[in-house]
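Observations on the model geometry
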Amino acid sequence: MNKIFDPLLQLKQEIIASFDENGTEFIESELTQFNRPSGDGVNRVWRSSDFRRAHIDVVDVRERHDFWVMHVCI
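Residues numbered from 1 in each chain as written. Predicted model: local features only at pLDDT ≥ 70, side-chain atom pairs only at ≥ 80, totals over all residues. Heavy atoms only, no water.

When you go through the protein chain residue by residue, the secondary structure sums to two helices and four strands. Secondary structure of the protein chain in N-to-C order comes out as α-β-β-β-α-β. With the C-alpha coordinates aligned to their principal axes, the bounding extent of the protein chain is approximately 40 × 25 × 15 Å. A burial count over the protein chain gives 31% of its 74 residues as buried. Across the protein chain, the fraction of contacts at a sequence separation of at least 24, relative to all contacts at a separation of at least 6, is 34%. Of the roughly 5300 Å² that the protein chain leaves accessible, carbon and sulfur atoms contribute 52%. (Helix = DSSP H or I, 4+ residues; strand = E, 2+ residues; numbered from the N terminus. Buried < 20%, exposed > 50% of the residue type's maximum accessible area, 1.4 Å probe, protein only. Contact = heavy atoms within 4.5 Å. Areas by Shrake-Rupley, 256 points an atom, 1.4 Å probe, with all protein chains shown as cover.)

Counting buried positions along strand β2 (residues 41–47) yields five of seven residues, so the element is predominantly enclosed. Pairing geometry for β2 and strand β3 (residues 54–60), over six bridges, is antiparallel. If you follow glycine 41 over to β3, its bridge partner there is valine 59. Connecting the antiparallel pair β2 and β3 is a turn made up of six residues. (Pairing = 2+ DSSP bridges.)

By size, the foremost hydrophobic cluster in this structure holds 11 residues: Phe5, Ile15, Ile16, Phe19, Val42, Trp46, Phe51, Ala54, Ile56, Val58 and Trp68. If you list the elements that add at least two residues to this core, you get α1 (5–22), β2 and β3. The element contributing the most residues to this core is α1, with four residues. Excluding its chain neighbours within four sequence positions, the residues that come into contact with alanine 54 are Phe19, Arg44, Val45, Trp46, Cys73 and Ile74. (Core = buried A, V, L, I, M, F, W, Y, C linked by side-chain atoms within 4.5 Å.)

Okay, here's the thing in structure tokens:
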């Protein structure tokens, strides 16, 4: 278990689940290149009557560069 990354990865999943529950995901074509099947990139956007735009961007290149970042903006 990793004391830093395990909670962050869990938080990422909780944020995505909350956005799924409270909004509707839509595709911004310029962001799709950053959604990677390998899981090292997440770049998704939602909207609802409660918020105009909710965005999560995750770069996970721990294996290659020991680097992980998550940006969330609502």
